[in-house]
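Listed below are the residues making up each chain.
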Amino acid sequence: MAHLRPRRTHVLGATLAAGALISTAAAASPAAAATPAVSCTSANAALAAKLKKDITAALANRKGTIAVGVYDRSTKTTCTLRASTAFDSASVVKVTVLAALLWDAKNQGRYLTDREASLAKAMITKSDNASTSTLWKQLGMTKIKGFLAAAGMTQTKPGANGYWGLTQITVTDEQKLLKLITAKNTVLSDNSRAYILKLMSQVVSSQRWGTPYGVPAGVTVAVKNGWLSRATNGWRVHSIGAFKGGGHDYTITVLTHGNSTMNYGITTIQNVAKVVHRDLAAA
């Protein structure tokens, strides 16, 4: 994950104390906002109703802040929960970094160099931080923001001072990115899309948790996960995935923070993924 200066952590600890006081006051207020509900739409009304019910049940009694995005091209199904809530990206941003690198290379009319390809492979398949920092610095803020604008990812705010892991991301924008990677468009070439999916399908086994959980046999998997612990909001644990097969072509994004441990966040994500895969396979 992005390495944070120790002194910054102390500052964040102080912020946590202040935040705790504020949240306690809010909880005591009868006007406190209700927890947002899962929203699903689909060409198959029964599928939308089932997904809404099952995702809601999967999240019952889970602590932390959880945002969900599901999109299936085959049934024109979309589900969202807290679609515009911002989270620290952790390593999920590495897919955006790779997409920006390929977008920039396309604009220059060139292929990736051997060095860039080597860095990209380590960044995605092993979640290598040093490779990510090198590519982030090479691209620079102008090109990163240029890609985000081209991709329509207006809710994504790049992390400052080289802290790519503190980029602010939302379900809406991660789902936009996954749509770009999985269907023809003018932002990324077909070769670039295939390359991103190939690397996401080669992630090392120890990092293949999250959205692939419960995927049916014969369905292809492309995944990238992120995890980061900070003084505020505990563990951030995220997973984005693209899946194809069994008559479906779908993407899942689950972003979480406020987890007591990394494994707690993983379980929350996998509870959601399991019912999404199951419900789509049965549709």
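Residues numbered from 1 in each chain as written. Predicted model: local features only at pLDDT ≥ 70, side-chain atom pairs only at ≥ 80, totals over all residues. Heavy atoms only, no water.

**Student:** What am I meant to see in the state of the cysteines here?
**Tutor:** As used in these notes, a disulfide is a covalent bond between sulfur atoms, one from each of two cysteines. Throughout the structure, instances matching the rule amount to 1 disulfide. The disulfide partner of cysteine 40 is cysteine 79, and the S-S distance across this bridge is 2.1 Å. Disulfide cysteine 40 to cysteine 79: torsion about the S-S bond roughly 115°, handedness right-handed. Taken as a pair, cysteine 40 in strand β1 (residues 39-41) and cysteine 79 in strand β3 (residues 77-81) lie far apart in primary sequence, 39 residues in all. (Disulfide = S-S within 2.5 Å. Helix = DSSP H or I, 4+ residues; strand = E, 2+ residues; numbered from the N terminus.)

**Student:** Looking at this structure, I do not really get the side chain of arginine 236. What am I missing?
**Tutor:** Examined against the element boundaries, arginine 236 turns out to sit in strand β7 (residues 235-245). Within the structure, arginine 236 has its side chain in polar contact with the backbone oxygen of threonine 232 (distance 2.8 Å). A distance of 3.3 Å separates a polar atom in the side chain of arginine 236 from the backbone oxygen of asparagine 233. Sequence-distant contacts of arginine 236, that is, excluding residues within four places in its chain, are made with Asp88, Gly226, Trp227, Leu228, Arg230, Thr256 and His257. (Polar contact = N/O pair within 3.5 Å; in protein donor to acceptor, adjacent residues only side chain to side chain. Contact = heavy atoms within 4.5 Å.)

**Student:** Would you explain the pairing of strand β8 (residues 248-259) in this entry?
**Tutor:** The side chains of a regular strand alternate, first on one face of the sheet and then on the other. With respect to burial, β8 is a largely interior element, 11 of its 12 residues being buried. Alignment of strand β2 (residues 65-72) against β8, held across 8 bridges, turns out to be antiparallel. Paired with threonine 65 across the two strands is histidine 257, which belongs to β8. The pairing of β7 with β8 spans 10 bridges and is antiparallel. Within β8, the residue paired with alanine 242 across the bridge is threonine 251. Where β7 hands over to β8, the hairpin turn is made up of 2 residues, of which glycine 246 adopts a positive phi near 60°. (Buried < 20%, exposed > 50% of the residue type's maximum accessible area, 1.4 Å probe, protein only. Pairing = 2+ DSSP bridges.)

**Student:** Looking at this structure, I do not really get the packing of helix α4 (residues 114-125) against helix α7 (residues 190-200). What am I missing?
**Tutor:** Helices that pack against each other are described as a pair by the angle of their axes relative to one another and the distance between those axes. Running from N to C, α4 and α7 cross one another at 50°; their axes reach a closest spacing of 9 Å. As far as their axial angle goes, α7 and α4 are oblique. Residues Ala117, Ala120, Lys121, Ile124 and Thr125 of α4 form the contact with α7, whose participating residues are Tyr195, Leu199 and Met200. Here the contact of α4 with α7 is built from residues that sort into 6 nonpolar, 1 polar and 1 charged. (Axes fitted to C-alpha atoms, helices over the stretch in contact; angles between N-to-C directions. Parallel < 35°, antiparallel > 145°, perpendicular 65-115°, else oblique. Nonpolar A, V, L, I, M, F, W, Y, C, P; charged D, E, K, R; others polar.)

**Student:** Can you help me understand helix α5 (residues 129-151) in this one?
**Tutor:** In an α-helix there are 3.6 residues to a turn, and that puts residues three or four apart on one side. Across its 23 residues, α5 extends only 24 Å between first and last C-alpha, which sits more than 12% below the 33 Å expected from 1.5 Å per residue. Buried residues of α5: Asn129, Ser131, Thr132, Leu135, Trp136, Leu139, Ile144, Phe147, Leu148 and Ala151, and no others. Buried residues along α5 sit against α3 (93-107), α4 and α6 (171-182). Once α5 finishes, glycine 152 follows within two positions and takes phi at roughly 70°, a positive value. (Expected span 1.5 Å × (residues − 1).)

**Student:** Whenever I open this one, the packing of helix α2 (residues 45-59) against helix α8 (residues 262-282) confuses me. Can you help?
**Tutor:** Orientation of α2 relative to α8, taken along the N-to-C sense of each, is 160°, at an axis distance of 9 Å. Taken together, the axes of α2 and α8 lie roughly antiparallel to each other. Our pair here, α2 against α8, has a crossing hand that is right-handed. Each of Leu47, Lys50, Leu51, Asp54, Ile55, Ala58 and Leu59 in α2 lies in contact with α8, whose residues at this interface are Thr268, Asn271, Val272, Val275, Val276, Arg278, Asp279 and Leu280. Among the residues forming the contact of α2 with α8, the class breakdown is 9 nonpolar, 2 polar and 4 charged. (Left-handed = near helix turned anticlockwise from the far one by under 90°.)

**Student:** For this particular structure, what's the right way to read the side chain of threonine 170?
**Tutor:** Counting through the fold element by element, threonine 170 comes out in the loop between β5 (168-169) and α6. Overall, the relative accessible area of 1% leaves threonine 170 in the buried class. A polar contact is formed between the side chain of threonine 170 and the side chain of glutamine 155, at a distance of 2.6 Å. Excluding anything up to four places from it in sequence, threonine 170 contacts Ala83, Ser84, Thr85, Ala86, Gln155 and Leu255.

**Student:** Help me understand the confidence of the model for the protein, please; the structure alone is not making it clear to me.
**Tutor:** Do not read the fine detail of predicted coordinates wherever pLDDT is low. When pLDDT is averaged along the protein, the result is 90, and 88% of the positions lie at 70 or above. Under a pLDDT of 50 for its full length, residues 2-32 has, in the predicted model, 20 contacts with residues more than four places off or in other chains. (pLDDT = per-residue confidence, 0-100.)

**Student:** Got a minute to help me understand the environment of glycine 146 in this structure?
**Tutor:** Assignment of secondary structure puts glycine 146 in helix α5. The exposure class of glycine 146 is partly exposed, given its relative accessible area of 22%. Linking glycine 146 and alanine 100, residues 46 residues apart in sequence, is a C-alpha distance of 8.2 Å.

**Student:** Quick question: what am I supposed to make of the sheet that holds β7 here?
**Tutor:** Within a sheet, each strand pairs with its neighbour through backbone hydrogen bonds, oriented either parallel or antiparallel. Ordered by their spatial adjacency, 6 strands build an open sheet running β1-β3-β2-β8-β7-β6, and the pairing between neighbours is antiparallel. Only two strands of the sheet have a single neighbouring strand rather than two, namely β1 and β6 (220-229). Adjacent strand axes in the sheet meet at a mean angle of 5°, parallel and antiparallel pairs treated alike. Relative to β3, β2 is paired through 5 bridges, and the arrangement is antiparallel. Of the residues in β3, the one forming a bridge with tyrosine 71 is threonine 78. The sheet contacts of α7 involve β6 and β7, and relative to β6 the element is tilted by about 70°.

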